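# Geometric and topological summary
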Amino acid sequence: MSSGPPPILRRLLTWALPPGRVRDGLSGDLDELYAERVQEGRLHADVWYGRQLLSVLLHYPPRRVCAVWTRRQRVQTMMRGLGKDLRYAFRTVARQPGFAAVIVLTLGLGIGANTAVFSAVDSVLLRPLPYPDADRLVAVWLDGRGEPIGPATYSAVRDGSRTLEDVAAWSGWGFTVTGDGGAEAVQGARISTNLPQMLGVVPLHGRTFVEEEALPWGGPAYAGGNAALLSYGFWQRRYGGDPAVVGRTITIDGMPVPVVGVMPESFDFPSPTAELWTPIAVEPSEEPSAGGAYRLVGRLRDGVSPEDALSEMRGLAGALRNEYPDGFPDRWGEQSEVVPLRDDLVGPTKQTLFILLGAVTFVLLVGCANVANLFLARATGRRSEMAIRTALGAGRWRLVRQLLTEQTVLACLGALLGLILALWGARIFAEALPPDLTGAREIGISGRVLGFTVTLTAVAGLLSGIVPALRTARGELQFTLGEAGRSGTLGRDRHRLLGSLVVTQLAVALVLVVGASLMLQSFWRLSQQDPGFRAEGVLTFRAAAPEAFYPDASQRTQLTAGILERVSALPGVASAGAIHLLPLGGSNWGNALQVESRPLLPGQDGPTVAWRVATPEYFGTVGVPLLAGRGFTPTDRTGAPPVAVISETLARQVFPGDDPLGERVRTGFDGEAWTTIVGVVGDTKDLDLASTTLPQIYRPHAQVSLAGMTYMIRTREDPLSLAGPAREIVADLDANVPVSDVQPMDDVISQSIAEPRFLMLLLGAFGAAGLLLAAVGIYGVISYAVGQRTREFGIRLALGARPADLLYHVLGGGAKLGLLGLLIGISGSALLARFLESVLYEIEPLDGPTFAVVAVVLASVALLGSYVPARRAARVNPVISLSGE
Amino acid sequence: MPERAALGEFEHLVLATALRLNAGYGAELVRELEERTGRQVQGGALYSTLDRLESKGYLVSRMGEPDSRRGGRPKRFVEVTPEGVRALAEQRAALLRVWEGLEAKLGRA
């Protein structure tokens, strides 16, 4: 007996082998064989036993030792299992194509919508500007957002700042390019010569500006400096992409200007519509003062934060105020802001995009809840399958894994569908967003967007699948295989789970619908806003005379008069007038107003008014009513006393209770001369329908002959029919005057509310989708529950319950779910309303009637969804249901 | 069972030996195999092969009585199933077909 194998080796062997017949059989065999070998020598036998032990360890790897080896084995097993799962999953999906289609469609829509919105968010908000270290670029507003400054102030900032590596100035500008290729109105900017270098942009051809070729601000009225930079698009379009254009002279605003370079395709500062840049020198010829036309862009030094720069700017502004008290009003510079350049260029679209992203996430949530419901409902049908597999030895985790694989396959199919939808959706976005929005052009499926989609798919798949998978695998093990399909009552657990899913859906759908209806009301109110003029039947176009060709005021007056005279003579035209800035055009010329009879105290600034130049017929043509005094007449021309007409709001704000007629006023645009108020007209909306009406002052064109005017023609016919004739008239008068922005005035109004309309449409669609999904969800759940409880209902009916009782019972269940959903949803909506505040127009976010109406709608949806199954419950035939199948 | 999994070389040897022994147990198989093939048989390899053959349905095993001579461990007896016999026959036939006419090349094997 002592001739057994070495005990320690034997103990190791016994420990390594899996218990059961392998351990019993093998260790016994080895003992036996050892006994034979020991006769040939103990050492020989021991060595043999050792080698046997090694072989055992190799073939039956102990779980605790050699973790790496084990993990590799387990991974290999898992991989093999995964392959099997995938094949099984595809087979299962193929067997139930309808079920699979619904899931793929639901997930696909949700994922697709999210991807589309995210691609817009990515392109407009997340993607960095195409300049090196673009996150170091900031927009500097010394006197608050939107307040431009003058050249001397710019110099002071540039010289005095230590936090900013460099500061550049720019001002958006409209140029007129004439010569070969015809007269064209071109958007662009006047920039300080250091702007391209500061942005880090290298021209495609030629060079950028040098200091010497910039003209001072106070110089000639035309905007062309001694050099011009072309955009890539402009260069391709007008000059055929010919590199020899560099060095050639083109005519800008009537002046010959040499082209010094062409910018690369990616350069679109300040917006994608900019095509031409000229340099501006900002040598101060005067003391710094408030007001001006420049916006500042700066580059932060390394290690400096925007907050540091902001406090420095506040300090600089304060210093300027103290040093030049006459130039700056008391509180100038206290509203300074330093904003990352990207945010500054994007503006309010940011909120729109985030709201959309939130809404679309909600739709996906509702969709996932529906999908989860579907999985759970189907789980019942697979109970016998699960029971069999468990009996055959499948572990719970294995079952869960296989179910998850199925769900992942469906989710991936949904994601594919979603990507296709998103491609289409991204294009819609690209067209719906304003064309001058940086990044709007490039909306598409980038790498980051793809990564987002993949993550979203995984999350959506898990969300909708994990609970059903766990439940399915665990669930009904107590049912023997013979009892497939029948259950007495619905397990309380499952009922609660389904119920909570439905409640979630209802709550989310409520939030969506509330959001959508708030937007709807807001948009409705916005579109009902009276612009102050009648736009129907009015055609508008812009004609800007190149200033160098029209150096005399009388020439400009004559041109405008000539255009108006000929246009009025066209058949069907009722009247024609001109104004220098299109109402609702999005831009403004503002200045401080001084009243002669009410002098200002030192350090005080007059109210800011919107300054406009118009011809006498303008008011009549667009239907602005005359409220007091008179409009402009032919006597108001150069040499005659300067006159002005003010708007109702200006009269009310500046001369409350008094008669403004006869008062003398002036603005910075009028120079030294005081103008006499001769009339008061109705207000018109200026920038857009949503902003509050500014006080407005009008000067007659005959006295202030601006070269660029916007013409308005009222006609009895279709406005667009006049487009061709109008162009011909202008071209006939002077081929060098470009005609641009030809559109009916109705389009202008429509354009100004395009973004709110887009938002409203999308939110409406999402709200409807969410509501539909919730309705389907609640119907599905109640219907399923009723189906499960058919036997129970049969029993109840047999025991004397009336069908109506059952009906109310089921309805009651649905109502309870609905109520819970409403409560949660209402609190959610209250939160949402906070976010919507920024885009809602004159609608209180916590609008009582809206909430009430939506709650009623949702309650009816819940009831309706429960009603049909409830009827079925009431109609259960106890005989049939109790007799089994 | 439409398609039959192929037998590995060692599997084939083990299965054939089990067939020969009729209702042999582990140690017997080891002795027989070592004698006939002339090479050392590792217990771990043998047993995992037996497991595999059993999972393929070619063998069935059962445990015997605890044997005091083996430290109380019972023996594991194996028997070849009809499927197993068929698999062996098929593979043998295939081998013979492949070897048809090749004996001459074996020469001084």
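Residues numbered from 1 in each chain as written. Chains lettered and ligands numbered in written order. Predicted model: local features only at pLDDT ≥ 70, side-chain atom pairs only at ≥ 80, totals over all residues. Heavy atoms only, no water.

## Examining the overall build of chain B
How we decide: Here a helix means four or more residues in a row that DSSP labels H or I, a strand means two or more in a row labelled E, and each is numbered from the N terminus. Throughout, exposure labels follow a simple rule: accessible area from a 1.4 Å probe, protein chains only, divided by the maximum for the residue type, with under 20% read as buried, over 50% as exposed, and the rest as partly exposed. Contacts were defined at the residue level, with two residues in contact if any of their heavy atoms lie within 4.5 Å. To be clear on the numbers: accessible area is Shrake-Rupley with a 1.4 Å probe, and residue cover counts the displayed protein chains and nothing else.
Scanning chain B from terminus to terminus reveals five helices and two strands. Secondary structure elements of chain B, listed N to C terminal, follow the sequence α-α-α-β-β-α-α. Looking at chain B as a whole, 39% of its 109 residues qualify as buried. A sequence separation of at least 24 residues applies to 52% of the contacts in chain B between residues at least 6 apart. Looking at chain B as shown, the accessible area adds up to about 6,600 Å², and 53% of this sits on carbon and sulfur atoms.

## Here's the deal with the overall build of chain A
Scanning chain A for helices and strands turns up 25 helices and 22 strands. Of the contacts made within chain A by residues no fewer than 6 positions apart, 81% connect residues no fewer than 24 positions apart.

## A look at a negative patch on the surface
Residues and elements named next belong to chain A. To keep it simple, the criterion reads: Candidate patch residues must exceed 30% relative accessible area and have no salt bridge, after which like charges are joined if within 9 Å and Val, Leu, Ile, Met, Phe, Trp or Tyr side chains if within 5 Å. A pair is scored as a salt bridge if a Lys or Arg side-chain nitrogen falls within 4 Å of a carboxyl oxygen belonging to Asp or Glu. The charge count treats Lys and Arg as positive and Asp and Glu as negative. His and the chain ends do not count. Where a charge lies is defined by one atom per residue type: Lys uses NZ, Arg uses CZ, Asp uses CG and Glu uses CD.
Taken together, the side chains of Asp133, Asp135, Glu165 and Asp302 make up a negatively charged region of the molecular surface. Within the secondary structure, Asp302 sits in the loop between strand E10 (295-300) and helix H9 (306-323). With relative accessibility at 70%, the residue Asp302 sits in the exposed group.

## Looking at a positive patch on the surface
Residue and element names in this part refer to chain A. Where like charges cluster on the molecular surface, the positive patch consists of Arg80, Lys84, Arg87, Arg91 and Arg95. One can find Arg87 in helix H4 (residues 67-95). For Arg87, a relative accessible area of 54% puts it in the exposed group.

## Comments concerning the environment of Leu858 of chain A
Residues and elements named next belong to chain A. Assignment of secondary structure puts Leu858 in helix H24 (residues 848-874). The buried category is assigned to Leu858, whose relative accessible area is 2%. Considered as a pair, Leu858 and Leu510 are 348 residues apart in the sequence and their alpha carbons are 6.9 Å apart. Those residues in contact with Leu858 that lie beyond four places of it in its chain are Leu506, Leu510, Leu771 and Leu822.

## Observations concerning the pairing of strand E8 (residues 255-262) of chain A
Residue and element names in this part refer to chain A. The test is simple: Strand pairing follows a simple DSSP-based rule, namely that at least 2 bridges must link the two strands.
Across two bridges, the pairing between strand E4 (residues 205-206) and E8 is antiparallel. In the sheet register, His205 faces E8, and the bridge partner there is Val262. Examined bridge by bridge, strand E6 (residues 228-230) and E8 share three bridges and lie parallel to one another. The residue bridging Leu229 from the neighbouring strand is Gly261, located in E8. Taking the residues that link successive antiparallel strands as the turn, the strand E7 (residues 249-252)-E8 hairpin has two residues, and the phi of Asp253 there is positive, at about 50°.

## Observations concerning helix H4 (residues 82-99) of chain B
Residue and element names in this part refer to chain B. Put simply, the rule is: Here a helix's expected span is defined as the number of its residues, less one, multiplied by 1.5 Å. The arc in question is traced by the directions running from the helix axis to the C-beta atoms.
With 18 residues, H4 should reach 26 Å at 1.5 Å per residue; the first-to-last C-alpha distance of 25 Å fits that figure. For H4, every residue scored as buried is listed here: Gly84, Ala87 and Leu88. The buried residues of H4 occupy an angular sector of 95° when projected down its axis, which confines them to one face. Exposed residues pointing more than 90 degrees away from the buried face of H4 are listed as Pro82 and Arg97. On the buried face of H4, the contacting elements are helix H1 (9-21) and strand E2 (73-80). A positive phi of about 80° marks Gly101, the residue just after H4.

## Concerning the nonpolar core
All names here are of chain A. Note the cut-off: The definition of a nonpolar core used throughout is a set of buried Ala, Val, Leu, Ile, Met, Phe, Trp, Tyr and Cys residues joined through side-chain atoms within 4.5 Å.
Within the largest apolar cluster, 96 residues are counted, with the highest numbers of intra-cluster contacts made by Leu356, Phe429, Tyr698, Leu763 and Phe766. Apart from residues lying up to four places away in sequence, Phe429 is in contact with Ala116, Val117, Ala120, Leu353, Leu356, Ile443, Phe758 and Leu762. Residues Val654, Phe655, Val730 and Val737 belong to the second largest nonpolar core, which totals 39 residues.

## Description of the confidence of the model for chain A
Residue and element names in this part refer to chain A. Our working rule: The predictor reports its confidence for every residue as pLDDT, a score running from 0 up to 100.
Per-residue confidence for chain A averages 81 on the pLDDT scale, and 92% of its residues sit at or above 70. Ranking the elements of chain A by mean pLDDT puts strand E5 (residues 215-216) last with 60 and strand E19 (residues 675-681) first with 93. Here residues 217-224 is a poorly scored stretch, pLDDT under 50, and it has 18 contacts once near neighbours within four places are set aside; other chains count.

## As for a nonpolar patch on the surface
All names here are of chain B. On the surface, a nonpolar cluster with roughly 440 Å² of combined accessible area is contributed by Leu95, Val98, Trp99, Leu102 and Leu106. Take Leu102: it is sitting in the loop between H4 and helix H5 (103-106). A relative accessible area of 30% means that Leu102 is categorised as partly exposed.

## Some words on the interface of chain B and chain A
Our working rule: Following the grouping adopted for this structure description, the nonpolar residues are Ala, Val, Leu, Ile, Met, Phe, Trp, Tyr, Cys and Pro, the charged ones are Asp, Glu, Lys and Arg, and the polar ones are all others, Gly among them.
Facing the 23 residues of chain B at the interface are 23 residues of chain A. If you look at where chain B meets chain A, you find three salt bridges. We note a salt bridge from Glu36 of chain A to Arg31 of chain B, for which the minimum N-O separation is 2.5 Å. Per element, the largest residue contribution to the side of chain B that touches chain A is seven residues, and it comes from helix H3 (residues 43-56) of chain B. Residues that form the side of chain B that touches chain A fall into these classes: eight nonpolar, seven polar and eight charged.

## Brief notes about the layout of surface pockets
All names here are of chain A. Rule in force here: Cavity: a set of points on a 1 Å grid over the protein atoms alone where a 1.4 Å probe fits but cannot get out. Pocket: an open set with protein on both sides within 12 Å along at least five of seven lines, its lining residues, like those of a cavity, having an atom within 4 Å of a point. Grid points are joined across faces, edges and corners, and a volume is the space filled by probe spheres set on the points.
Taken as a whole, the second largest pocket holds about 830 Å³ of empty space. Thr106, Leu109, Gly110, Ala769 and Leu773 are, among the 35 residues lining the second largest pocket, the residues nearest its centre. Sorting the residues of the lining of the second largest pocket by element identifies helix H5 (97-126), helix H11 (349-381), helix H13 (396-432) and helix H21 (754-788) as the ones contributing at least two each. Among the elements that line the lining of the second largest pocket, the one with the most residues is H21, at twelve residues. By residue class, the composition of the lining of the second largest pocket is 26 nonpolar, nine polar and no charged.

## Some words on the packing of helix H16 (residues 553-568) of chain A against helix H19 (residues 723-733) of chain A
Residue and element names in this part refer to chain A. Heads up, the condition is: All axes here are fitted lines through C-alpha atoms, helices being fitted over the stretch that makes contact, and every angle between N-to-C directions spans 0 to 180 degrees. When an angle is under 35 degrees it counts as roughly parallel; over 145 it counts as roughly antiparallel; between 65 and 115 it counts as roughly perpendicular; any other value is oblique. Definitions for this section: a left-handed crossing has its near helix turned counterclockwise from the far helix by less than a right angle. A right-handed crossing has that turn clockwise.
Look at H16 against H19: their axes get within 10 Å of each other, and the N-to-C directions meet at 140°. By the criterion of interaxial angle, the relationship of H16 to H19 is oblique. Of the two possible hands of crossing, H16 and H19 adopt the one that is right-handed. Packed against H16, whose contacting residues are Leu559, Gly562, Ile563, Arg566 and Val567, the element H19 presents Ile729, Val730, Asp732 and Leu733 at the interface. Taken together, the residues that form the contact of H16 with H19 break down as six nonpolar, one polar and two charged.

## Notes on the pattern of salt bridges
Scanning all chains against the criterion turns up 24 salt bridges over all chains. Note that Asp166 of chain A and Arg158 of chain A form a salt bridge whose closest N and O atoms lie 3.7 Å from each other. A salt bridge links Asp51 of chain B to Arg76 of chain B, with the shortest nitrogen-to-oxygen separation between them at 3.1 Å. Highlighted residues: Asp51 of chain B in helix H3 and Arg76 of chain B in strand E2, separated in sequence by 25 residues. We classify Arg76 of chain B as buried; its relative accessible area is 1%. Through salt bridges with shared partners, a single ionic network connects Glu184, Arg237, Arg238 and Glu275 of chain A.

## Considering unusual backbone geometry
All names here are of chain A. Between Phe269 and the following residue, Pro270, the backbone shows a cis peptide bond with an omega angle of -5°. Relative to the assigned elements, Pro270 resides in the loop between E8 and strand E9 (276-281). We note that Asp741 has phi near 55°; this positive angle belongs to a residue other than glycine. Inspection of the secondary structure puts Asp741 in strand E22 (residues 739-744).

## A few points about the confidence of the model for chain B
Averaged over all residues, the pLDDT of chain B is 85; the fraction at 70 or higher stands at 88%. Here the predicted complex scores 0.66 on pTM and 0.83 on ipTM.

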